[in-house]
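# Descriptive structure summary
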Number of protein chains: 2
Amino acid sequence: MEIGEFAVMVESAVAAHEVVIAFVHCQITYSGRAEAFLGRGDRIIMIKADATVIVHQPEGSVPINYMRPGSAIDLERIDEHLMMHVRNDKEHSFLDIEIFRAYDAASRRLDDGQKQDLAGNERDMSDWIRDNPACIGADFKPISREEQTDVGFIDVFGHDGTGRLVVVECKRITASLMAVDQLRRYVERVKMIKGSQAVTGVLAAPSITPNALEMLSSWGFRFCRVEAPKRLERWSRDQKKIFEY
Amino acid sequence: MEIGEFAVMVESAVAAHEVVIAFVHCQITYSGRAEAFLGRGDRIIMIKADATVIVHQPEGSVPINYMRPGSAIDLERIDEHLMMHVRNDKEHSFLDIEIFRAYDAASRRLDDGQKQDLAGNERDMSDWIRDNPACIGADFKPISREEQTDVGFIDVFGHDGTGRLVVVECKRITASLMAVDQLRRYVERVKMIKGSQAVTGVLAAPSITPNALEMLSSWGFRFCRVEAPKRLERWSRDQKKIFEY
DNA sequence: TACTACATCTCGCAT
DNA sequence: ATGCGAGGTGTAGTA
């Protein structure tokens, strides 16, 4: 694709808030929260309707460069090259893509107002614990869940039969040292605010790392094996049969 | 673009490890670490040379769905639709993209062996502190930096003039409560292993939140204002003039 | 492989 | 605007 033709296409598509995709050979300079340089190679450039710019290499799941929505996109012709300047003045960042060749490009207006419905997150997990408190302890009585109490964001907050307060921290994946740090901070906060030492912590997760379990125990806290529930599991179970053949 | 033609193009491109980009109207079902459904709308599908699959909506900087490298991609014709099944058996996940229309698509073999050279990360920051220890304290003497010592991952580890050990934790952006948690854990670990109470902590960051500063002080630790250095700032400063006009 | 911590993390929610 | 924590986080480094 001739570079001048490519430039015209990109400029008109960006002006019309179309989505643009291009296969190019380029080198890239970034400056903003960090600074980076990427030498010449083949990449995929995506410009979205909201002026988000994303650059992908031919392999790997994360973009090598990107600029957030609302960037200003300018093209500058330099000899046979095309410099794509992407600026975000508010964030004091820029991305300069020097395009040596444009192999192919496409643009189109796309419409999509849908939002994804997702199940199995940490909120589903704390809901499930509130409704199934016995998984934390036979006498565990939940008081609040994911609410902004006077002690802050605590996933599930309750008390046991003896009147001791219980702070539950949920993790949807293996709990690590950082989860124990967080639980400890919450328990200390509750002790401080309630002016009582009768507070303990429970880490609820599908599993826990050995170091985290050791640290948890050293603070007198407890691990509870809980899986994040998947609301949509009805169809999931059917689909999963595919894996089994 | 006729859906049968699209199917043939995708299958041959995937087999040839080409990169594929398509503008489609589709709905998407995901099951894996969580479960999700996304109703009908226009999206961009990217299939990379390593069988990574990424789906973007027309706005926003993050993909709405993705499958990691090494996925199995199968197409199934259902009446006038096309079902793209993406499976990753190892991760027990799948992505089903029901494509109602393929507006446009392109594929191409892309070559890129380049790696990005990046400056201004946390490692650069700990390097800089090691080489400029006075920023931590007039008598601070660094011993190690980002090394796996017998006390674990500590950004910069040293001692002050009085023989007291100093643990430095670096954050390239504003330090929060979690950074203080981390520093406290490291200091406790060093106290335990060295069997000494003469250990203190320093949090080095460009700024710190009020709560984090309060917690830091309550543990007897100290905040040090340090910016992540940008090795490439030579050209950066020149380019930044653009912002000023 | 599991564990740990960084990331130009991004995003949402609440103050 | 800032603070805080989740994320289908992903990725790199290391044991």
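Residues numbered from 1 in each chain as written. Chains lettered and ligands numbered in written order. Predicted model: local features only at pLDDT ≥ 70, side-chain atom pairs only at ≥ 80, totals over all residues. Heavy atoms only, no water.

### Section: the pattern of salt bridges
For the structure shown, the criterion picks out 32 salt bridges over all chains. The residue Asp112(A) makes a salt bridge to Arg43(B) at a minimum N-O spacing of 2.8 Å. Placement of Asp112(A) in the loop between strand 7 (93-108) and strand 8 (117-119) and of Arg43(B) in strand 2 (residues 35-47) is noted, with the two residues assigned to different chains. Owing to a relative accessible area of 0%, Arg43(B) belongs among the buried residues under this scheme. Arg185(B) is the partner of Asp181(A) in a salt bridge, and the nearest nitrogen-oxygen pair spans 2.9 Å. One end of the pair, Asp181(A), is in helix 3 (residues 177-194); the other, Arg185(B), is in helix 3 (residues 177-194), on a second chain. Each member of the pair, Asp181(A) as well as Arg185(B), is classed as buried. Because the salt bridges share partners, they merge into one network encompassing Asp127(A), Arg130(A), Asp131(A) and Arg145(A). (Salt bridge = Lys/Arg side-chain N within 4 Å of Asp/Glu carboxyl O. Helix = DSSP H or I, 4+ residues; strand = E, 2+ residues; numbered from the N terminus. Buried < 20%, exposed > 50% of the residue type's maximum accessible area, 1.4 Å probe, protein only.)

### Here's the deal with the interface of chain B and chain A
Interface size, as often reported, equals the accessible area lost upon joining of the parts. Contact residues are listed per partner, giving 76 residues for chain B and 76 residues for chain A. For the pairing of chain B and chain A, the buried interface totals around 6500 Å² over both sides, and the portion due to carbon and sulfur atoms is 57%. Applying the counting criterion to the chain B and chain A interface returns six salt bridges. Those elements that place two or more of their residues in the side of chain B that touches chain A are strand 1 (19-31), strand 2, strand 3 (53-56), strand 7 (93-108), strand 8 (117-119), helix 3 and helix 5 (233-244) of chain B. Looking at the side of chain B that touches chain A element by element, the count peaks at eleven residues for strand 2 of chain B. Where strand 8 of chain A and strand 2 of chain B come together, three bridges link them in antiparallel fashion. What sits directly across from Asp117(A), in strand 2 of chain B, is Phe37(B). (Contact = heavy atoms within 4.5 Å. Buried area = accessible area lost by both parts, 1.4 Å probe. Pairing = 2+ DSSP bridges.)

### Focus: the sheet that holds strand 10 (residues 152-159) of chain A
Residue and element names in this part refer to chain A. Read across the sheet, five strands follow the order 9-10-11-12-13 without closing on themselves; strand pairing throughout is mixed. Both edges of this open sheet fall to strand 9 (141-149) and strand 13 (222-225), since each of them pairs with a single strand only. On average, each strand axis in the sheet is inclined to that of its neighbour by 30 degrees, with strand direction left out of account. Bridge count between strand 11 (residues 165-170) and strand 12 (residues 199-205): six bridges; the pairing is parallel. Paired with Val167 across the bridge in strand 12 is Gly201. (Axes fitted to C-alpha atoms, helices over the stretch in contact; angles between N-to-C directions.)

### Section: the protein's contact with DNA strand D
Taken together, the neighbourhood of DNA strand D is formed by 23 residues, with Arg172(A), Arg33(B), Tyr66(B), Thr209(B) and Asn211(B) sitting nearest. For DNA strand D, the backbone makes up 84% of the atoms found within 4 Å of the protein, where backbone means sugar plus phosphate. Measuring from a phosphate oxygen of DNA strand D, one finds a side-chain N or O atom of Gln182(A) at 3.1 Å. Measuring from a phosphate oxygen of DNA strand D, one finds a side-chain N or O atom of Thr209(B) at 2.7 Å. Elements that contribute at least two residues to the surface near DNA strand D include exactly helix 3 of chain A together with strand 4 (65-67) and helix 4 (210-218) of chain B. Partitioned by chemical class, the residues of the surface near DNA strand D number nine nonpolar, seven polar and seven charged. (Near = heavy atom within 4 Å. Polar contact = N/O pair within 3.5 Å; in protein donor to acceptor, adjacent residues only side chain to side chain. Nonpolar A, V, L, I, M, F, W, Y, C, P; charged D, E, K, R; others polar.)

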